Amino acid sequence: MRDLAGGFGYLLAGQRWVLRRGRWLGFGLLPGLVSLVLYAGALIGLGYGADDLAAWATPFAADWSAPWLGLFRGFLTALVFCLGLFLAVITFTAVTLLIGQPFYESLSEEVDRSEGGDAPESGLPLWRELWISARDSVRVLVRVALYGILLFALGFIPVVGQTVIPAIGFCVSGFFLAEELTAVALARRGVELGDRLALLRTRRMLVLGFGVPLVLSFLVPLVAVFLMPGAVAGATLMVRDLTGEDEAPGAGAGAEAGADAGARAGAGAKAPAGGFGPPPPAYS
């Protein structure tokens, strides 16, 4: 429970960090606004074309009598739009981070500098960073899609499918959302995707405390755009904890507020970078 509170504390600390630095908040909002326009256009187009797509995909139902034809294609139309909305939710962060790679890297570096010490740099050219980010995002989204298919199938189990499975789904989404956000800071430290996942597994509850509330908030329209800069800042603060760069549990952003300091103090032992040990067999 302490790690859950600690993860949520990092999320709050990141939001406070950007709110106290208005220039960086505005700087970090730009990629989210671009992504929002792109996704809004795609969803509007899907809304207009979903019924035609359902009719095209079900020619065998053309001779069905009323009301079955209307009910069947209406259900498929709603299903197509819901699937598009789900894909928009799970890909929004990845696309926004890809569009805003230079923006968010600069923001993350500034967070590191504000916490003391040097800001690690990857030393790679921008085109190489964009390629690695896109490649890793696709690999993560494939994992998310596989979990989504499995959980969708399990959702048909009576009672469990309507209670336990959605909760597991939010946890899976929260874990991988946290991975996408911490990747900004970890990639600058030269940590590859496999090692990032292994590092995050060492502190699952901390990661879930950060990622799950963010997933829930991202379900509210427009919220994702305004929370993204603070989410990147909070993820950077959490990375400093995960890699052992914050020597004292109450250091850095956690010390800015008593609640965060207390949460960080109870977060447990830190995992040194590069020495994660064998990861538990989950989320991979």
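What you are looking at is a predicted structure, and each value in this text was computed from that prediction instead of being measured.

A. Inspection of the pattern of salt bridges at higher detail. Inspection of every chain in the model, using the stated rule, returns eleven salt bridges. Here Glu110 ties to Arg113 by a salt bridge, and the two come within 3.4 Å at their closest N and O atoms. With Glu110 and Arg113 both in helix H4 (residues 101-114) and three residues apart, the pair spans about one turn of that helix. For Glu110, a relative accessible area of 23% translates into the label partly exposed.

B. Representation of helix H8 (residues 204-218) within the structure. For H8, with 15 residues, the first-to-last C-alpha span of 20 Å sits near the 21 Å given by 1.5 Å per residue. Most of H8 is tucked away, with eleven of its 15 residues classed as buried. Inspection of H8 places Leu206, Val207, Leu208, Gly209, Phe210, Gly211, Val212, Leu214, Val215, Ser217 and Phe218 among the buried residues, and these make up the whole buried set.

C. Here's a closer look at the nonpolar core. Counting 52 residues, the largest nonpolar core has Leu107, Leu181, Phe210, Leu214 and Val232 as its most contacted members. Of the residues forming this core, the biggest block, eleven residues, is contributed by helix H9 (residues 223-242). Leaving out residues up to four positions away in the same chain, Phe210 has contacts with Gly7, Phe8, Tyr10, Leu11, Ala178, Leu181, Ala231, Gly234, Ala235 and Met238.

D. Inspection of the packing of helix H5 (residues 126-154) against helix H6 (residues 160-188) at higher detail. Running from N to C, H5 and H6 cross one another at 175°; their axes reach a closest spacing of 10 Å. Relative to H6, H5 is oriented roughly antiparallel. Between H5, through Ser137, Val140, Arg143, Val144, Tyr147, Leu151 and Leu154, and H6, the contact on the second element is made entirely by Gly161, Ile165, Ile168, Gly169, Val172, Phe176, Glu179 and Glu180. Here the contact of H5 with H6 is built from residues that sort into nine nonpolar, three polar and three charged.

E. Structural detail: H6. Its 29 residues place the ends of H6 41 Å apart at the C-alpha level, agreeing with the 42 Å of an ideal helix rising 1.5 Å per residue. Helix geometry: H6 is bent most strongly at Thr182, by close to 45°. Gly190 sits one or two residues past H6 and shows a positive phi near 75°.

F. Looking closely at a nonpolar patch on the surface. On the surface, a cluster of nonpolar side chains totalling about 540 Å² of accessible area is made up of Leu150, Leu154, Ile157, Val159, Val160, Val164 and Ile168. Taken together, the elements giving at least two residues each to the nonpolar patch come down to H5 and H6.

G. Representation of the side chain of Thr93. Within the fold, Thr93 resides in helix H3 (residues 68-99). Judged by relative accessible area, Thr93 falls into the buried class, the value being 3%. In contact with Thr93, other than residues within four places in its own chain, are Leu177, Glu180, Leu181, Phe218 and Met228.

H. Just the environment of Pro31, in detail. Take Pro31: it is sitting in helix H2 (residues 22-57). Through-space distance from the C-alpha of Pro31 to that of Pro102 is 9.8 Å; in sequence the pair is 71 residues apart. Setting aside chain neighbours within four positions, we find Pro31 in contact with Thr96, Ile99, Gly100, Phe103 and Tyr104.

I. A look at the packing of helix H1 (residues 2-19) against H9. Between H1 and H9, the shortest axis-to-axis distance is 7 Å and the interhelical angle comes to 120°. Taken together, the axis directions place H1 and H9 in an arrangement best described as oblique. Here the hand of the crossing between H1 and H9 comes out right-handed. For the pair H1 and H9, the contacting residues are Tyr10, Ala13, Gly14, Gln15, Trp17 and Val18 in the first and Phe226, Leu227, Pro229, Gly230, Ala231, Ala233, Gly234, Leu237, Met238 and Asp241 in the second. Counted by class, the contact of H1 with H9 contains eleven nonpolar, four polar and one charged residues.

Cut-offs applied
All residue numbers here refer to positions counted from 1 along the written sequence of the relevant chain. Local features in this predicted model are restricted to residues whose pLDDT is 70 or higher, and side-chain atom pairs enter the listing and the counts only when it is 80 or higher, whereas totals over whole chains, interfaces and linings include all residues. The basis for every side-chain value is the complete set of heavy atoms in the structure, and neither hydrogens nor water enter the calculation. Put simply, a salt bridge is a Lys or Arg side-chain nitrogen that is within 4 Å of an Asp or Glu carboxyl oxygen. Put simply, DSSP marks the helices as runs of H or I at least four residues long and the strands as runs of E at least two long, and each gets a number from the N terminus on. Only protein chains enter the calculation, and the probe is 1.4 Å; a residue is then buried if its accessible area is under 20% of its type maximum, exposed if over 50%, and partly exposed in between. The span one expects for a helix is its residue count, reduced by one, times 1.5 Å. We call a set of buried residues a nonpolar core when its members are Ala, Val, Leu, Ile, Met, Phe, Trp, Tyr or Cys and they connect through side-chain atoms within 4.5 Å of each other. The criterion used for residue contact is that any of the two residues' heavy atoms lie within 4.5 Å. Only the stretch in contact is used when fitting a helix axis, every axis being a line fitted to C-alpha atoms; angles between N-to-C directions are given from 0 to 180 degrees. In what follows, roughly perpendicular refers to angles from 65 to 115 degrees, roughly parallel to angles under 35, roughly antiparallel to angles over 145, and oblique to any angle outside these ranges. Three residue categories are used. Nonpolar comprises Ala, Val, Leu, Ile, Met, Phe, Trp, Tyr, Cys and Pro, charged comprises Asp, Glu, Lys and Arg, and polar comprises the others, including Gly. Note on bend: at a given residue it equals the angle between the axes fitted to the 7 residues ending there and to the 7 starting there. To count toward a patch, a residue needs a relative accessible area over 30% and no salt bridge; like charges are then connected within 9 Å, while nonpolar side chains (Val, Leu, Ile, Met, Phe, Trp, Tyr) are connected within 5 Å. The protein chains shown are the only cover counted for residues, whose accessible areas, like all others here, come from Shrake-Rupley with a 1.4 Å probe. Crossing handedness is defined as follows: a turn of the near helix away from the far one that is anticlockwise and smaller than a right angle gives a left-handed crossing, while the clockwise case is right-handed.

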